[in-house]
Amino acid sequence: MFDAILFDLDDTLLINPVAESIPAYFELLSHYLEGRVDSPLLVAELLRGIKAMDANDGTGPTNEEAFDAVFYAGLGSTKEALGPVFERFYAEEYGKLRSYTRPLPGAVEIVEWTLTKGIPAVVATNPLYPLTAIQQRLEWAKLPVSEFRFARVTSYENSHATKAHPAYYEEIAAVLGCDPRRCLMVGDDWARDISPAVEAGLSVYWIEVPGDPPHPKDLPDPIPERQYLGQGSLRKLLQQLDGGKNG
Ligand SMILES: [Mg+2]
């Protein structure tokens, strides 16, 4: 059995169609900051901040520090001035995005199974957001951190790389004190969840996306059989793990 199981969040533990929810997030935030920050500038600087985080490869600052270094100055402001406004936004407004999401069948069951087996469970969501946003999405997934003892929830405060880099997965394994080769990553995105995790040495399971073929060509080599547990749904994976086929 594995020493840790990592779960992506959006469209792995929570139905969250990003094509709708990300533009809605930008709109909600723009609206909240109306009168303080020009909306096109806000979106441009958010994208620049995300790019700065994506360039963070584990050798530098936290993702939050990488973001802060470009974002606030780009708006002609400072974190001291705008930080509290963002905190209020996440406390008061962010929850409105829940309507774009739905709990995903099988998510609670597989996390419960993992924890019952004494296996550390990690919420391995791309750490572009503050922890509060990720904790709220976990609530929407019926997996509140107050009830589910995750070993780690990655956020922009505690991570030094994004999923664009194998370093993201290496950092999780190091924090847990696990050998990456003894960890399993479960996710729906080949470029962010599967390819860099394989490169870091983890085993992987792909949450099949209807109409979206897997892209093994993105992987360094044909994916080593030892690292590929297969593809399908969380329920299918749970059956596979509980059947003891992956020892
Ligand atoms: Mg995902």
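Residues numbered from 1 in each chain as written. Predicted model: local features only at pLDDT ≥ 70, side-chain atom pairs only at ≥ 80, totals over all residues. Heavy atoms only, no water.

Looking at the overall build of the chain
What the chain contains, in helices and strands, is nine helices and eight strands. A globule of 247 residues ought to have a C-alpha radius of gyration of about 18 Å, and the chain, at 18 Å, matches this closely. Burial analysis of the chain (247 residues in total) assigns 51% to the buried set. Of all intrachain contacts in the chain linking residues separated by at least 6 positions in sequence, the fraction that spans at least 24 positions is 72%. A total of about 11,400 Å² of accessible surface is found on the chain, and carbon and sulfur atoms cover 52% of it. Taking the average location of the 22 positive side-chain charges in the chain and that of its 36 negative ones, the two points are 4 Å from each other. (Helix = DSSP H or I, 4+ residues; strand = E, 2+ residues; numbered from the N terminus. Rg over C-alpha atoms; globule rule 2.2 N^0.38 Å. Buried < 20%, exposed > 50% of the residue type's maximum accessible area, 1.4 Å probe, protein only. Contact = heavy atoms within 4.5 Å. Areas by Shrake-Rupley, 256 points an atom, 1.4 Å probe, with all protein chains shown as cover. Lys, Arg positive; Asp, Glu negative; His and termini not counted. Charge placed at Lys NZ, Arg CZ, Asp CG, Glu CD.)

A look at the environment of Asp57
With respect to the helices and strands, the residue Asp57 is situated in the loop between α2 (39–54) and α3 (63–74). Taking relative accessible area as the criterion, Asp57 reaches 35% and is therefore assigned partly exposed. With 40 residues separating them in the primary sequence, Asp57 and Leu97 have C-alpha atoms 29 Å apart. Each residue touching Asp57, except ones within four places of it in the same chain, is listed here: His160, Ala161, His165 and Ala167.

Some points on the sheet that holds strand β4 (residues 121–123)
Spatially, six strands are ordered β5-β4-β1-β6-β7-β8 in an open sheet, and the strand pairing comes out parallel. Of all strands in the sheet, those with a lone pairing partner are β5 (152–153) and β8 (228–232), marking the two edges. Together, β1 (4–7), β6 (183–187), β7 (203–207) and β8 form the strand contacts of helix α9 (residues 234–242), whose direction differs from that of β8 by roughly 140 degrees. (Pairing = 2+ DSSP bridges. Axes fitted to C-alpha atoms, helices over the stretch in contact; angles between N-to-C directions.)

Details of the side chain of Thr125
Summarising the element assignment, Thr125 is placed in the loop between β4 and α6 (131–140). A relative accessible area of 2% places Thr125 in the buried class. Setting aside residues no more than four positions away along its own chain, Thr125 makes contact with Phe7, Asp8, Leu9, Asp10, Ile134, Arg137, Thr154, Lys163 and Tyr168.

Quick look at the packing of helix α1 (residues 18–32) against α2
If you want to describe how two helices pack, look at the angle between their axes and the distance between the axes. The contact between α1 and α2 brings their axes to 10 Å, and the two run at 130 degrees. The angle between the axes of α1 and α2 places the two elements in the oblique class. The hand of the α1/α2 crossing is right-handed. When α1 is examined against α2, the residues Phe26, Leu29 and Ser30 are found in contact with a partner set consisting of Ser39, Leu42, Val43, Leu46 and Leu47. Grouping the constituent residues of the contact of α1 with α2 by class yields six nonpolar, two polar and no charged. (Parallel < 35°, antiparallel > 145°, perpendicular 65-115°, else oblique. Left-handed = near helix turned anticlockwise from the far one by under 90°. Nonpolar A, V, L, I, M, F, W, Y, C, P; charged D, E, K, R; others polar.)

Some remarks on α2
Here α2 spans 23 Å end to end across 16 residues, near enough to the 22 Å set by a 1.5 Å rise per residue. Within α2 the residues assigned to the buried category are Leu42, Glu45, Leu46, Gly49 and Met53. All buried residues of α2 lie within an arc of 110 degrees about the axis, which places them on one face of the element. Opposite the packed face of α2, turned more than 90 degrees from it, sit the exposed residues Pro40 and Lys51. Packing partners of the buried residues in α2 comprise α1, α3 and α4 (79–92). (Expected span 1.5 Å × (residues − 1). Arc of directions from axis to C-beta.)

Some details on the environment of Ser146
Within the secondary structure, Ser146 is located in the loop between α6 and β5. The exposed category is assigned to Ser146, whose relative accessible area is 55%. Linking Ser146 and Gly106, residues 40 residues apart in sequence, is a C-alpha distance of 19 Å.

These results come straight from atomic positions and should not be treated as a statement about function.
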